[in-house]
Amino acid sequence: MTYVMGFVIAVPTGNKEAYREMAEAAAVVFKKHGALSVVEAWGADVPDGKLTSFPMAVKLEPGETVVFSWIVWPSKEVLETGNMAAMNEFEETGLMASHLFDGKRMIFGGFETIVEA
């Protein structure tokens, strides 16, 4: 079964096109280093919750949009080596996204797939 890294972030709405361009370029790098697929999804219907929600989780501020992303890897081992290689390539090429969103409010984690249909 595959291994998935998931991310939820708040991106200033005005950075949508710049973020999309960066994400498209990053996807090429991740796939070059073993990722099977990369998905970046721009929030379209992401309601506030009473106890918890995506907006609450990233401390969404006015003028920001929630982005939900995931990268599918063949295994955790491929993720570990591929992600490290991708991060090195991002650093070498200057393809970093830190200016497009507040990374301190990013939520991320790795997940073992238990059902894949």
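The coordinates are above.
The structure reproduced in this document is the subject of the present report.

So, how was this worked out
- Residues numbered from 1 in each chain as written.
- Predicted model: local features only at pLDDT ≥ 70, side-chain atom pairs only at ≥ 80, totals over all residues.
- Heavy atoms only, no water.
- Pairing = 2+ DSSP bridges.
- Helix = DSSP H or I, 4+ residues; strand = E, 2+ residues; numbered from the N terminus.
- Axes fitted to C-alpha atoms, helices over the stretch in contact; angles between N-to-C directions.
- Contact = heavy atoms within 4.5 Å.
- Phe/Tyr/Trp six-rings, centres within 6.5 Å; stacked < 30°, edge-to-face > 60°.
- Buried < 20%, exposed > 50% of the residue type's maximum accessible area, 1.4 Å probe, protein only.
- Salt bridge = Lys/Arg side-chain N within 4 Å of Asp/Glu carboxyl O.
- Parallel < 35°, antiparallel > 145°, perpendicular 65-115°, else oblique.
- Left-handed = near helix turned anticlockwise from the far one by under 90°.

**Regarding the sheet that holds strand 4 (residues 107-112)**
1) Next: Strand order in the open sheet formed by four strands is 2-3-1-4, and the pairing between neighbours is antiparallel. With partners counted over all chains shown, the strands left at the sheet margins are strand 2 (37-42) and strand 4, one partner each. The average angle at which neighbouring strand axes cross in this sheet is 15°, direction not considered.
2) Next: Alignment of strand 2 against strand 3 (residues 64-73), held across six bridges, turns out to be antiparallel. Bridged to Glu40 within strand 3 is Ser69.
3) Next: Along the sheet face, helix 1 (residues 16-32) touches strand 1 (3-12), strand 2 and strand 3 and points at about 170° away from the line of strand 2.

**Focus on the packing of aromatic side chains**
1) Next: In the structure shown here, the tally under the stated rule is five aromatic pairs.
2) Next: Here Phe30 and Trp73 contribute two aromatic rings whose centre-to-centre distance is 6.2 Å and whose plane-to-plane angle is 90°, an arrangement assigned as edge-to-face. Pair noted here: Phe30 is in helix 1 and Trp73 is in strand 3, with a separation of 43 residues, a long-range link.
3) Next: Trp73 gets classed as buried once you look at its relative accessible area, which sits at 0%.
4) Next: With centroids separated by 5.1 Å and ring planes inclined at 50°, the aromatic side chains of Phe68 and Trp70 adopt a geometry described as tilted.

**A closer look at the pattern of salt bridges**
1) Next: In the structure shown here, the tally under the stated rule is five salt bridges.
2) Next: In this structure, Glu17 engages Arg20 in a salt bridge whose closest nitrogen and oxygen atoms are separated by 2.6 Å. You can see Glu17 and its partner Arg20 sitting in helix 1, three residues apart, about one turn around the helix.
3) Next: Given a relative accessible area of 41%, Glu17 falls into the partly exposed group.
4) Next: Assessed through its relative accessible area of 38%, Arg20 is described here as partly exposed.
5) Next: Salt bridges sharing common partners tie together Glu17, Arg20 and Glu24.

**What to know about the pairing of strand 1**
1) Next: Counting buried positions along strand 1 gives eight out of ten residues, so the element sits mostly inside the fold.
2) Next: The pairing of strand 1 with strand 3 spans ten bridges and is antiparallel. Counted as the bridge partner of Val8 is Phe68 from strand 3.

**Considerations on the packing of helix 1 against helix 3 (residues 76-93)**
1) Next: Where helix 1 meets helix 3, the axes come as close as 8 Å, and the angle between the chain directions of the two elements is 135°. Judged by the inter-axis angle, helix 1 sits oblique to helix 3. As helix 1 packs across helix 3, the resulting crossing turns out to be right-handed. Residue-level contacts link Ala26, Val29, Phe30 and Lys32 of helix 1 to Asn83, Ala86, Met87, Glu89 and Phe90 of helix 3.

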